Amino acid sequence: MTSSTGRVVRVRRALVVALPVAVVVAGCGPNTDAYVALQNAMQKHITQDDHRPVRSVACTPHIHDTMREETAHLRCVVQFQDGTSYTANAVIQNENSGGAHNLPDTYSWDKPPA
C-alpha cells in the first residue's frame, strides 16, 4: 500500500527482518484475530521504528481470519501519545496459495505523516 508520500510499510508476522520497503516483525499467535494482530504490528512498528509513541490503534472491519490468497482492506485510526492521530488504509494479505502452506499474513498500511 502506498501513501500520498509514496511510502509503504509491509509487516510479516513470522520473522524479524528489515527490508528496504518492507518490514517483517514477529506477531501474535495463531488464535489472535487478524485485525488485532494488524493493530499490534502497527503499534509496535510505528512506536519503535518511526519513533512516534502510539497510544492506540483501532481498525475496522473486525476481520477474524483471511482465507487462502484473500486480501482484506481495513481503515485504522492511530492515536499518538501526544494527542495527535491519523487514519491509515491497511491491508491484510493471506500469502498461502495452492503450493504454499502455513505462511504468515502480510500487513501493510499508510505510514504516518511526517
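Residues numbered from 1 in each chain as written. Predicted model: local features only at pLDDT ≥ 70, side-chain atom pairs only at ≥ 80, totals over all residues. Heavy atoms only, no water.

Asks: Before we go on, may I ask you to explain the side chain of Thr-66 in this structure?
Replies: Summarising the element assignment, Thr-66 is placed in the loop between strand E4 (54-60) and strand E5 (71-80). Overall, Thr-66 belongs to the buried group, its relative accessible area being 4%. A polar contact is formed between the side chain of Thr-66 and the side chain of Asp-105, at a distance of 3.2 Å. (Helix = DSSP H or I, 4+ residues; strand = E, 2+ residues; numbered from the N terminus. Buried < 20%, exposed > 50% of the residue type's maximum accessible area, 1.4 Å probe, protein only. Polar contact = N/O pair within 3.5 Å; in protein donor to acceptor, adjacent residues only side chain to side chain.)

Asks: For this particular structure, what's the right way to read the packing of aromatic side chains?
Replies: Two numbers describe a pair of aromatic rings. These are the distance of the centres and the angle of the planes. Within this structure, the stated rule accounts for one aromatic pair. Aromatic pair Phe-80 and Tyr-86: ring centres 6.0 Å apart, planes at 15°, arrangement stacked. Phe-80 sits in the buried class, given a relative accessible area of 3%. Here the basic side chain of Arg-52 rests over the ring of Phe-80, its NZ or CZ set 4.0 Å away from the ring centre. (Phe/Tyr/Trp six-rings, centres within 6.5 Å; stacked < 30°, edge-to-face > 60°. Lys NZ or Arg CZ within 6 Å of the ring centre and 35° of its normal.)

Shape descriptors only; they carry no functional weight alone.
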